Amino acid sequence: MEDAEATRRDAGEAESSRASRGWWDRNADEYQSEHGAFLGDDRFVWGPEGLDEAEAALLGPAGSLKDKDVLEIGAGAAQCSRWLAAQGARPVALDLSHRQLQHALRIGEDVPLVEADAGRLPFRDGSFDLACSAYGAVPFVADPVNVMREVHRVLRPGGRWVFSVTHPIRWAFPDEPGPEGLSVAASYFDRTPYVEQDEQGRAVYVEHHRTLGDRVRDVVAGGFRLVDLVEPEWPGWNSQEWGGWSPLRGNLIPGTAIFVCERA
């Protein structure tokens, strides 16, 4: 939205959800056009660094995924779910955006798709063995603990929940890929959401900041045990810029945090 004003202000659960649905519906075409080649049709990438689940095995060794019921939250065009299906898993791809799921159908109809909010998962208790989210839902919700509890509810005992978000330290730096993005410009401890709003003051995009400690406490409050915290380094083969992510910044400061959790 060209006339959107960027600001920092409070944004509640309903406003954040409404803004996210509208933003992704409006921008899904551009997003898939710009990043589709990098994401692939059936590749599981955890973030702009390009860390691949086939290499990282954060959900478990590829051979262990066979016959597992997996929920992907914030699936977009379901690229990760297609990779999971190729490993013999039974994935379900969930997203808030109808337009993103239309892109999933465009690529292929081989994965079940569900349009729903991550804070109100439309599944019975204990429906899945694993849950995952690559930059989906968690950074955009006002109540991340509610999402954690919902994921906990739909997972079976011992189930693993792995999600990636923008590394919290990045909130202290300008969202720029060049040298201007290397100087601290804001307080890391300022948790005020980033909001883009229209002329009437209605949010059209909302992103919520949590410190690294906040994220850990959210995981524990949701009933999970934190098994690992992965901060991918920028690989030499990746020369692309993606928003504020770039080789320059990626070689100096972390851009992504991946939380590997197990249902307690």
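None of these values were measured; they are calculated from a predicted model. (Residues numbered from 1 in each chain as written. Predicted model: local features only at pLDDT ≥ 70, side-chain atom pairs only at ≥ 80, totals over all residues. Heavy atoms only, no water.)

A. The packing of helix α5 (residues 144-154) against helix α6 (residues 212-221), seen in detail. Taken N-terminus to C-terminus, the directions of α5 and α6 make an angle of 40 degrees; their axes are 8 Å apart at the nearest point. Considering the angle they form, α5 stands oblique to α6. Handedness of the α5/α6 crossing: right-handed. In this structure, α5 uses Pro144, Val145, Met148 and Arg149 to contact α6, whose residues at the interface are Arg215, Asp218, Val219 and Ala221. In terms of residue class, the contact of α5 with α6 is built from 5 nonpolar, no polar and 3 charged. (Axes fitted to C-alpha atoms, helices over the stretch in contact; angles between N-to-C directions. Helix = DSSP H or I, 4+ residues; strand = E, 2+ residues; numbered from the N terminus. Parallel < 35°, antiparallel > 145°, perpendicular 65-115°, else oblique. Left-handed = near helix turned anticlockwise from the far one by under 90°. Contact = heavy atoms within 4.5 Å. Nonpolar A, V, L, I, M, F, W, Y, C, P; charged D, E, K, R; others polar.)

B. Representation of the sheet that holds strand β8 (residues 203-207). The antiparallel open sheet is built from 3 strands, whose spatial order is β1-β7-β8. In this open sheet, the two edge strands, each paired with only one partner strand, are β1 (5-8) and β8. Pairs of neighbouring strands in the sheet enclose a mean axial angle of 20 degrees, with direction left out of account. Seen against the sheet, helix α1 (residues 13-39) touches β7 (194-197) and β8 and runs at an angle of roughly 105 degrees to β8. (Pairing = 2+ DSSP bridges.)

C. Focus on the sheet that holds strand β9 (residues 224-230). An order of β4-β3-β2-β5-β6-β10-β9 is seen for the 7 strands of this open sheet, with the pairing classed as mixed. Every interior strand has two partners, whereas the edge strands, β4 (113-115) and β9, have only one. Strand-to-strand twist in this sheet, taken as the mean axis angle between neighbours without regard to direction, amounts to 20 degrees. One ladder, built from 3 bridges, connects strand β3 (residues 90-95) with β4; its direction is parallel. Note on β4: the bridge partner recorded for Leu94 is Val114.

D. Up close: the state of the cysteines. Tallied over the full model, the rule gives 0 disulfides. Distance from the sulfur of Cys80, which forms no disulfide, to the nearest cysteine sulfur (Cys132) is 6.4 Å. Given a relative accessible area of 7%, Cys80 falls into the buried group. Residue classification places Cys132 among the buried positions, given a relative accessible area of 0%. (Disulfide = S-S within 2.5 Å. Buried < 20%, exposed > 50% of the residue type's maximum accessible area, 1.4 Å probe, protein only.)

E. Representation of empty space enclosed by the protein. Taken as a whole, this structure holds 1 cavity of 30 Å³ or more when the rule is applied. Reported here for the largest cavity is a volume of approximately 50 Å³. In terms of lining, the largest cavity is formed by Pro139, Val165, Thr166, Pro168, Trp171, Glu207, His208, His209, Arg210 and Arg215. Of the residues assigned to the lining of the largest cavity, the class counts are 4 nonpolar, 3 polar and 3 charged. (1 Å grid on protein atoms, 1.4 Å probe; cavity = no way out; pocket = protein on both sides within 12 Å on 5 of 7 lines; lining within 4 Å. Points joined across faces, edges and corners; volume = space filled by probe spheres on them.)

F. Up close: unusual backbone geometry. A positive phi angle is found at Ala57, which is not glycine, with a value near 50 degrees. Tracing the sequence through the fold places Ala57 in the loop between α2 (53-56) and β2 (69-73). The class for Ala57 is partly exposed, based on a relative accessible area of 31%. Phi at Ala78 takes a positive value of approximately 65 degrees, unusual for a residue other than glycine.

G. Examining the environment of Asp190 more closely. Within the secondary structure layout, Asp190 lies in the loop between β6 (155-166) and β7. For Asp190, a relative accessible area of 31% corresponds to the partly exposed category. Distance from Asp190 to Ile258, taken between C-alpha atoms, is 21 Å for residues 68 residues apart in sequence. Beyond its immediate chain neighbours, meaning those up to four positions away, Asp190 contacts Arg8 and His209. Side-chain polar atoms of Asp190 contact the side chain of Thr192, separated by 2.7 Å. (Polar contact = N/O pair within 3.5 Å; in protein donor to acceptor, adjacent residues only side chain to side chain.)

H. Broad picture of a nonpolar patch on the surface. On the surface, a cluster of nonpolar side chains totalling about 250 Å² of accessible area is made up of Leu182, Leu248 and Leu252. Here Leu182 lies in the loop between β6 and β7. Under the relative-accessibility criterion, Leu182 is labelled partly exposed at 30%. (Patch = residues over 30% accessible without salt bridge, like charges linked within 9 Å, V, L, I, M, F, W, Y side chains within 5 Å. Areas by Shrake-Rupley, 256 points an atom, 1.4 Å probe, with all protein chains shown as cover. Salt bridge = Lys/Arg side-chain N within 4 Å of Asp/Glu carboxyl O.)

I. Main features of the environment of Phe224. By secondary structure assignment, the location of Phe224 is in strand β9. Phe224 gets classed as buried once you look at its relative accessible area, which sits at 4%. With residues up to four places along the chain from it excluded, the contact list for Phe224 reads Met148, Val151, His152, Leu155, Trp161, Val219, Cys261, Glu262, Arg263 and Ala264.

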